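# Structural features, examined
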Amino acid sequence: MRIGELAERTGVSTRSLRYYEQHGLLSAARGSNGYREYAEDDIKLVSEIRTLLSYGFTLEDTRPFVDCLRAGHASGGSCHESVEVYRRKLAEIDAEIGVLLARRAEVAAQLAAPCMRRRK
């Protein structure tokens, strides 16, 4: 299928697909007319990339998942390298949650301080 069809079927812009190709996450054969030709399997790759990006992964983080799918695994997250990226991302999210909870406590303390003074 051509890039326009892949874009339509995945809901991703042709610009994004070219960007993924630039970064080696997608590869397209070239037809005799010079147009990019994608395989059906590329739909799954693009879907995996988009899902991971929506979770906050970087484009480079998606590489092990794409490689896992290309290796024939049913899930991009079933390879050791992908699991390691999941673990690292989970640790990053936990750290962000910790920072947010600390900020929340600080703001709540500041909010409570003036309220306590007004009641006296």
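Up top is the structure.
Scope of this entry: the structure provided in the associated data block.

## Looking at the overall build of the protein
What the protein contains, in helices and strands, is five helices and two strands. In terms of overall size, the protein is more extended than a compact globule, its C-alpha atoms giving a radius of gyration of 22 Å where 120 residues would be expected to give roughly 14 Å. Its C-alpha atoms put the protein at 85 × 30 × 20 Å along the principal axes. For the protein, contacts bridging at least 24 residues in sequence account for 46% of all contacts bridging at least 6. Accessible surface, the protein as shown: approximately 8100 Å² in total, 54% of it carbon and sulfur. When the 19 positive and 17 negative side-chain charges of the protein are each reduced to one mean point, those points stand 12 Å apart.

## Some details on helix α3 (residues 41-54)
Compared with an ideal rise of 1.5 Å per residue, which puts 14 residues at 20 Å, α3 spans 20 Å between its outermost C-alpha atoms and is within 8% of the ideal. Asp42, Ile43, Leu45, Val46, Glu48, Ile49 and Leu52 are the residues of α3 that are buried. Of the residues trailing α3, Gly56 is marked for its positive phi of about 100°.

## As for the pattern of salt bridges
Applying the stated criterion to the full structure yields eight salt bridges. Glu60 is the salt-bridge partner of Arg63, the closest N and O atoms lying 2.8 Å from each other. Across the salt bridge formed by Asp61 and Arg88, the nearest N and O atoms sit 2.3 Å from each other. Here Asp61 is found in the loop between α3 and α4 (63-70), whereas its partner Arg88 is found in helix α5 (residues 80-119), with 27 residues between them in sequence. We classify Asp61 as buried; its relative accessible area is 11%.

## Here we look at the side chain of Asp61
Separated by 2.3 Å, the side chains of Asp61 and Arg88 make a polar contact. If we skip the residues at most four places from it in the chain, Asp61 touches Val85 and Arg88.

## A closer look at helix α1 (residues 3-10)
Along α1, the positions that sit buried rather than exposed are Ile3, Leu6 and Ala7. On an axial view of α1, the arc spanned by its buried residues comes to 100°, and they lie on one face. As for α1, its buried residues are in contact with α2 (14-22), β2 (36-37) and α3. Note on α1: the residue one or two positions beyond its end, Gly11, has a positive phi of about 75°.

## Some words on the packing of aromatic side chains
By convention here, two paired aromatic rings are described through the distance between centres and the angle between planes. Inspection of every chain in the model, using the stated rule, returns three aromatic pairs. An angle of 75° between the planes, with centres 6.0 Å apart, marks the rings of Phe57 and Phe65 as edge-to-face. Phe65 gets classed as buried once you look at its relative accessible area, which sits at 0%. The interplanar angle of 75° and the centroid separation of 4.9 Å between the aromatic rings of Phe65 and Tyr86 together place this pair among those described as edge-to-face. Placement of Phe65 in helix α4 and of Tyr86 in helix α5 is noted, with a sequence separation of 21 residues between them.

Quick notes on the rules
Residues numbered from 1 in each chain as written. Predicted model: local features only at pLDDT ≥ 70, side-chain atom pairs only at ≥ 80, totals over all residues. Heavy atoms only, no water. Helix = DSSP H or I, 4+ residues; strand = E, 2+ residues; numbered from the N terminus. Rg over C-alpha atoms; globule rule 2.2 N^0.38 Å. Contact = heavy atoms within 4.5 Å. Areas by Shrake-Rupley, 256 points an atom, 1.4 Å probe, with all protein chains shown as cover. Lys, Arg positive; Asp, Glu negative; His and termini not counted. Charge placed at Lys NZ, Arg CZ, Asp CG, Glu CD. Expected span 1.5 Å × (residues − 1). Buried < 20%, exposed > 50% of the residue type's maximum accessible area, 1.4 Å probe, protein only. Salt bridge = Lys/Arg side-chain N within 4 Å of Asp/Glu carboxyl O. Polar contact = N/O pair within 3.5 Å; in protein donor to acceptor, adjacent residues only side chain to side chain. Arc of directions from axis to C-beta. Phe/Tyr/Trp six-rings, centres within 6.5 Å; stacked < 30°, edge-to-face > 60°.

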